[in-house]
Structures are given as structure tokens and as C-alpha cells.
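Working through the structure, step by step
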Amino acid sequence: MNHGSIHKWYPLVGLQENSACKNCALVILNRPITSSNEVKLTKLWDTSSLKFAVDGGTNRLFDWAQQKLQLKNFLPDFICGDLDSVEQEKLEYYSKHGSVTVKLSHQDFNDFTKTLKFAVECISKRNPFDLIDRISTGSIETLPRQKIDRIYCFCESGGRMDHVMGNLNTLYDECLSDLEAYVIDSESMT
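Residues numbered from 1 in each chain as written. Predicted model: local features only at pLDDT ≥ 70, side-chain atom pairs only at ≥ 80, totals over all residues. Heavy atoms only, no water.

1. A look at the pairing of strand S3 (residues 78-81)
The alternating pattern of S3 places Phe-78 and Cys-80 on one face and Ile-79 and Gly-81 on the opposite face, and all of these are buried. Two elements, strand S2 (residues 48-54) and S3, share three bridges in a ladder whose sense is parallel. Residue pairing in the sheet places Ala-53 in a bridge with Ile-79 of S3. What joins S2 to S3 is helix H2 (residues 57-67), and the crossover it makes is right-handed. When S3 meets strand S4 (residues 100-103), the two strands line up parallel, connected through four bridges. Pairing of Gly-81 across the sheet is with Lys-103, part of S4. (Buried < 20%, exposed > 50% of the residue type's maximum accessible area, 1.4 Å probe, protein only. Helix = DSSP H or I, 4+ residues; strand = E, 2+ residues; numbered from the N terminus. Pairing = 2+ DSSP bridges. Right-handed = clockwise from strand over helix to strand, strands pointing away.)

2. Notes on the pattern of salt bridges
As enumerated under the stated definition, the model contains four salt bridges in all. Of the charged contacts in the structure, one is a salt bridge between Lys-90 and Glu-87, with a shortest N-O distance of 3.1 Å. Classification of Lys-90 as buried rests on a relative accessible area of 7%. The partner of Lys-114 in a salt bridge is Asp-111, and the shortest N-O contact between them spans 3.3 Å. Pair noted here: Lys-114 and Asp-111 are both in helix H4 (residues 111-123), with a separation of three residues, about one helical turn. Like Asp-111, Lys-114 is buried. One connected set of salt bridges, linked through shared partners, spans Asp-63, Glu-87 and Lys-90. (Salt bridge = Lys/Arg side-chain N within 4 Å of Asp/Glu carboxyl O.)

3. So, the nonpolar core
If you look at the biggest cluster of nonpolar residues, it comprises 24 residues, and the most contacted ones within it are Leu-26, Leu-41, Leu-61 and Phe-154. Of all elements in the fold, only strand S1 (24-28), helix H1 (38-47), H2, helix H3 (88-96), strand S6 (150-154) and strand S7 (180-184) reach the threshold of two or more residues within this core. With four residues, the single largest contributor to this core is H2. Once you skip the residues sitting within four places of it in the chain, Phe-154 turns out to touch Leu-26, Val-27, Ile-28, Leu-29, Ile-33, Asn-37, Lys-40, Leu-41, Leu-44 and Ile-184. In terms of nonpolar packing, the next biggest core, distinct from the first, is built from 23 residues, Phe-52, Phe-112, Val-120 and Ile-151 among them. (Core = buried A, V, L, I, M, F, W, Y, C linked by side-chain atoms within 4.5 Å. Contact = heavy atoms within 4.5 Å.)

4. Comments concerning the confidence of the model for the chain
Across the chain, the average pLDDT comes to 76, with 60% of residues at or above 70. Per-element mean pLDDT across the chain ranges from 50 in strand S5 (residues 134-137) up to 96 in H2. Of the regions scoring below 50 in pLDDT, residues 127-134 engages in 24 contacts with residues more than four places distant in sequence or in other chains. (pLDDT = per-residue confidence, 0-100.)

5. Considerations on the pairing of S1
The buried fraction of S1 is high, at five of five residues. Pairing analysis gives five bridges linking S1 to S2, with the strands arranged parallel. Among the inter-strand pairings, Ala-25 is bridged to a residue of S2, identified as Leu-50. After leaving S1, the chain enters H1 and then returns to the sheet as S2, a path that is right-handed.

6. Regarding H3
Listing the buried residues of H3 in full gives Lys-90, Leu-91, Tyr-93, Tyr-94 and Ser-95. Two residues or fewer after H3 comes Gly-98, characterised by a positive phi angle close to 105 degrees.

7. Structural notes on the side chain of Glu-38
Its location among the elements puts Glu-38 in helix H1. Judged by relative accessible area, Glu-38 falls into the buried class, the value being 17%. A distance of 3.3 Å separates polar atoms of two side chains, one belonging to Glu-38 and the other to Lys-68. (Polar contact = N/O pair within 3.5 Å; in protein donor to acceptor, adjacent residues only side chain to side chain.)

See the structure below:
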């Protein structure tokens, strides 16, 4: 019986102190950033070479970073989604500081799914423009291109099983076969 090649997963690479790993991407969803998960967020931020804020997750990142007086240290590369939840002044701040705003309004998918599709296209260096309604600021070509092996999706389920199942379904459905993908919250990693 031939099982093909074996792939080893290393989920904790992005959370290790002084990790030299820079082949990670981070996706931040619209869930609270609290004292119980901010250490994980900071470590993932430091080890990730591409950062995506998903619509309302942009507000959460902005508010948390501003409270910590670290706003300029937490600038996402991309702000993605249908952009119906992100506050305009926060979007303008990030755009002014180099974040690329990408409107993805296909309503058959949630913002998390649309952002992961876009991230996979960017990471695989295929043409992500097929997925985009518009890019309002910035340029994808100016962002660093390097191999990404894993995507960390930073979120909280809030104890809601429908959110847990929805997030897992998104990871399962998206073409992440060449990437390790993890959902991280304050209590667990999946």
C-alpha cells in the first residue's frame, strides 16, 4: 500500500520565541483582541511575512494597537472583504501608511473565505486580480514575494459552534492543499 509522500506539520513555528521562520501569513478576523490572546497575536505578527486584516478585523486590530500605543507597528499588508464593517477613518489611516485595500464583494462567500482565496492567489503568485472588484489603494507588486508554507487565522469563536464549524469549513473548502492552515484563538489551535 503506497501512501505517497509524508508531510510533517509544524503548527507552533509561528508562536516560538525568536523564531527565524518568515514563511507564514496571518489573517485577522473580526473578533476581540484581549489580554488572553494578545501575546499570540504579537508572536504571530512578528513571524508572519504577509498580514491580512479581514473587514471588521481591521477595526479590532486598529483599536487594540492604538490602545497599546503600537499603531505603526501593526500595519496589515492587505485589508480585504466587502468592506461593510471597517470604519472609514481606520481604513484611511492604514491606506495612508501603505496597506493595500482590496474590495471583494462576491456575496456567495463570507469575508474570511474571500480573503483566504485572495491570500492563496497572492501566495501562489497566480493572478489575484480575477477575484478583486477593486483595489482602492496601494500596489500588490510592491509587496514582498516569498514562499509561504503556513497561514495562521487569528480569531475567536466566542463559544459559538456555528463559528467554529464555519471557520473549519472555510479552511477545508479553500485550496490550501499546499499550505498548512491553522485557526488560532485564546484557548486552542486547530
